[in-house]
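# Examining the three-dimensional arrangement
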Amino acid sequence: MIFEADSLDLLAQVLPTLAAGFAGLPSGPTQPVDRPAMLCVLEQVASRMQQNYPYFHPLYAGQMLKPPHPIARAAYALATWINPNNHALDGGRASSQMEIEAVADLAEMFGWCTQRDAYLGHLTGGGTFANLEALWIAGQLAPGKTVLASEQAHYTHHRISSVLQLAFDTVPTDSRGRISLEALEKRLAQGDVGTVVVTLGTTALGALDPLPQILALRDRYDFRLHVDAAYGGYFSLASNLGPEASAAFSALPAVDSIVIDPHKHGLQPYGCGCILFRDPSVGRFYKHDSPYTYFTSDEMHLGEISLECSRAGAAAVALWATQRLLPLVPSGEFARMLESCRSAAVELHRRLRASEFFVAPMEPQLDIVAWAVRGKTVEESSARARAVFDAAARRDLHLALVQLPLGFFPPGTWTSQPAKHVTCLRSVLMKSEHLEWMDAIWERLDAAAEEVLTRAV
């Protein structure tokens, strides 16, 4: 939950330890504090922040919003007393080292050697900027070549390619939302592709592109392979995935670059993304001169291998602390959390398939479930989905809406198909508590659907 008193108590206990490290400094002027005025403003802040959905609660099962772990909140807040900047050692000496160690944990999770000269990686403000760096490097290595991604890949790849002035093209998906291997090979045969973006955990469905087969295509067509695992990357630790999903994550050591978002399944506050490159020599493209910040150490500064300048050192401290408490190892506590999310999605899909109200043909590969509401036509189905969405919210169950291609559903699902997409309901079950709350979630969803469909009849 969001209101753990324990994390606040722990923070109060360790603040003196932080202060002790600077106790030898002479006293200086202190900033005047008007406590009554501050309290008044903070009360206003607390009141305004009530105008949010309850993202922290298990009954929020809509978008990709996961509460940070209490250790991440406490460590982030502790670090803000120093407010380090991880652009250079001058601004974030301790937090830069913690970032290096935390990123090494992520590289090891993907099966990469964690020696400093065996890969290149750093944190970013989020997955968008991490993907921008990946495609920027791809453009440097293959100038004039096209970037390919599936139609279900995140829209930012197209936008980023436009910003970088890289040619971009999409590849159709199969009926499960994964990139079509047949369509991909046909496009690769044109000979102008420099980079293929593989998505491990699409936004709409959590679908996983078939990475092992795409690696086989790389052997024949010679392209750079970037994996956008911003959402799904941590599931490489889960033991309860299907065979195809397990094979996709097992193939990660062979790719050229990986993006993962610790502020999604990594239990971190926004914003915290990460970019990893298998070839550390790509660091040569980042080189720049900044003599006024790089004077305290001959060691490499993180600012020398990142496009962003100022970066929150507190994000690195929070990630480091979380990974010390919950190591990124198979069968560990963190892995079991992910497995609970996956089990919740499988259970919800089972109930949807058995319901007379819904159509749920796509078994989840991770922890995202999407389904249509039954109706004679696409228009009727879409309207009912929106009505169920509202009816569920009135019962404190918060879902999401998503537009899905009709090809994701069996032929004959609707008598009339004038549109190319249908509005569906979608649930991201990314809290480990969702499994134990499944009965409560289903009770509200079933009641909402019964209200809408009974009223329609």
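Residues numbered from 1 in each chain as written. Predicted model: local features only at pLDDT ≥ 70, side-chain atom pairs only at ≥ 80, totals over all residues. Heavy atoms only, no water.

## Remarks on the packing of aromatic side chains
Keep this limit in mind: Aromatic pairing here means that ring centres of Phe, Tyr or Trp (its six-membered ring) are within 6.5 Å. Orientation follows from the plane angle: under 30 degrees is stacked, over 60 is edge-to-face, and everything else is tilted. Each residue gets one of three labels from its accessible area relative to the maximum for its type: buried under 20%, exposed over 50%, partly exposed in between, using a 1.4 Å probe on protein chains only. Helix and strand assignments come from DSSP, with helices taken as H or I runs of at least 4 residues and strands as E runs of at least 2, each series counted from the N terminus.
Considering all chains together, one arrives at nine aromatic pairs under this definition. Geometrically, the ring pair formed by Tyr53 and Tyr60 is tilted, given 6.3 Å between the ring centres and 45° between the ring planes. By relative accessible area, Tyr60 is classed as buried at 5%. The interplanar angle of 65° and the centroid separation of 5.3 Å between the aromatic rings of Tyr234 and Phe334 together place this pair among those described as edge-to-face. Here the residue Tyr234 occupies a position in the loop between strand E5 (224-228) and helix H9 (243-250), and Phe334 occupies one in helix H11 (residues 333-354), the gap between them amounting to 100 residues. Just as Tyr234 is buried, Phe334 falls in that class too. Members of the aromatic cluster, connected to one another through ring pairs, are Phe357, Phe358, Trp371 and Trp442.

## Looking at empty space enclosed by the protein
Note the following rule: A 1.4 Å probe that fits but cannot get out identifies a cavity on a 1 Å grid over protein atoms alone, an open set with protein on both sides within 12 Å along at least five of seven lines counts as a pocket, and a residue lines either if it has an atom within 4 Å of a point. Grid points are joined across faces, edges and corners, and a volume is the space filled by probe spheres set on the points.
Here the structure, examined in full by the defined rule, presents two cavities of 30 Å³ or more. By volume, the largest cavity is sized at about 50 Å³. Lining the largest cavity are Leu135, Ala138, Gly139, Ala142, Lys145, Thr146, Val147, Leu166, Gly194 and Thr195. When contributions to the lining of the largest cavity are tallied by element, the ones reaching two or more residues are helix H5 (127-141), strand E2 (146-150) and strand E4 (193-199). The element contributing the most residues to the lining of the largest cavity is H5, with three residues.

## Quick word on the nonpolar core
General note: in soluble globular proteins, nonpolar side chains tend to be found buried as a group. In plain terms, the rule: Among the buried residues, those of types Ala, Val, Leu, Ile, Met, Phe, Trp, Tyr and Cys that are joined through side-chain atoms within 4.5 Å form a nonpolar core. Residue contacts are defined here by distance: any two heavy atoms, one from each residue, within 4.5 Å place the two residues in contact.
Ranked by size, the top nonpolar core spans 59 residues in total, and within it Leu200 and Leu211 carry the most contacts. Here the element with the most residues in this core is helix H4 (residues 93-109); it accounts for six residues. Among all residues touching Leu200, those that are not within four sequence positions of it are Ala207, Leu208, Asp209, Leu211, Val227, Asp228, Ala229, Gly232, Gly233, Ala248, Phe249 and Leu252. By size, the runner-up hydrophobic cluster in this structure holds 29 residues, among which are Phe357, Val373, Ile441 and Trp442.

## A word on a nonpolar patch on the surface
Test applied: Each patch is assembled from residues with relative accessible area greater than 30% and no salt bridge, linking like charges that lie within 9 Å and nonpolar side chains (Val, Leu, Ile, Met, Phe, Trp, Tyr) that lie within 5 Å. Note on areas: Shrake-Rupley, 1.4 Å probe, and residue coverage restricted to the protein chains presented here. Throughout this description, the term salt bridge denotes a Lys or Arg side-chain nitrogen within 4 Å of a carboxyl oxygen of Asp or Glu.
On the surface, Phe22, Leu25, Trp81 and Ile82 cluster together to form a nonpolar patch covering roughly 460 Å² of accessible area. Relative to the assigned elements, Leu25 resides in the loop between helix H1 (5-20) and helix H2 (35-49).

## Some details on the environment of His434
In this fold, His434 is placed in the loop between strand E11 (421-428) and helix H13 (438-456). Separated by 289 residues in the primary sequence, His434 and Lys145 place their C-alpha atoms 44 Å from one another. Each residue touching His434, except ones within four places of it in the same chain, is listed here: Pro58, Tyr60, Ala61, Ala344, Val428, Leu429 and Ile441.

## Let's talk about the sheet that holds strand E8 (residues 358-359)
Strand-to-strand pairing in sheets goes through backbone hydrogen bonds, with the strands running parallel or antiparallel. Rule in force here: We treat two strands as partners when DSSP finds at least two bridges between them. In this analysis an axis means a line fitted to C-alpha atoms, helices contributing only their contacting stretch, and an angle means the value between N-to-C directions, from 0 to 180 degrees.
One open sheet holds the four strands; their spatial order is E8-E9-E11-E10, and the pairing between them is antiparallel. Edge positions in the open sheet fall to E8 and strand E10 (400-405), since each of these has one partner strand only. The sheet contact formed by E10 and E11 spans six bridges and is antiparallel. Of the residues in E11, the one forming a bridge with Leu404 is Val422. Across the sheet, H11 is in contact with E8, strand E9 (368-373) and E11; its angle to E9 comes to roughly 15°. On the sheet, helix H12 (residues 378-394) packs against E9, E10 and E11 and is oriented at approximately 30° with respect to E11.

## Structural notes on unusual backbone geometry
Of note, the bond from Tyr270 into Gly271 is cis; its omega dihedral lies within 30 degrees of zero at -10°. Within the secondary structure layout, Gly271 lies in the loop between strand E6 (257-260) and strand E7 (273-277). Unusually for a residue other than glycine, Leu267 sits at a positive phi of about 65°. Inspection of the secondary structure assignment puts Leu267 in the loop between E6 and E7. Positive phi outside glycine occurs at Ser331, with the angle close to 70°. Within the secondary structure, Ser331 is located in the loop between helix H10 (313-325) and H11.

## Overview of the state of the cysteines
By definition, a disulfide is the covalent link that joins the sulfur atoms of two cysteine residues. Operational definition: Note that a disulfide, as used here, is simply two cysteine sulfur atoms within 2.5 Å.
Evaluation of the coordinates by the stated rule reveals zero disulfides. Cys309 takes part in no disulfide bond, and the closest cysteine sulfur to it belongs to Cys272, at a distance of 18 Å. Not part of a disulfide, Cys341 finds its nearest cysteine sulfur in Cys272, a span of 18 Å.

## Quick look at the pattern of salt bridges
What the rule picks out here adds up to 19 salt bridges. The partner of Glu244 in a salt bridge is Arg178, with the nearest N and O atoms 3.3 Å apart. Of this pair, Glu244 sits in helix H9 while Arg178 is found in the loop between strand E3 (167-171) and helix H7 (181-188), placing the two residues 66 residues apart along the sequence. For Arg350, the salt bridge goes to Glu347, with nearest N and O atoms at 2.7 Å. Placement of both Arg350 and Glu347 in helix H11 is noted, with a separation of three residues, approximately one turn of the helix. Where salt bridges share partners, they join Asp174, Arg176, Arg178 and Glu244 into one cluster.

## Observations concerning helix H3 (residues 70-80)
Selection criterion: Arc definition: directions from the helix axis to the C-beta atoms.
Within the span of H3, buried status applies to Ala72, Ala74, Ala75 and Ala79. End-on view of H3: buried residues confined to an arc of 165°, all on one side of the axis.

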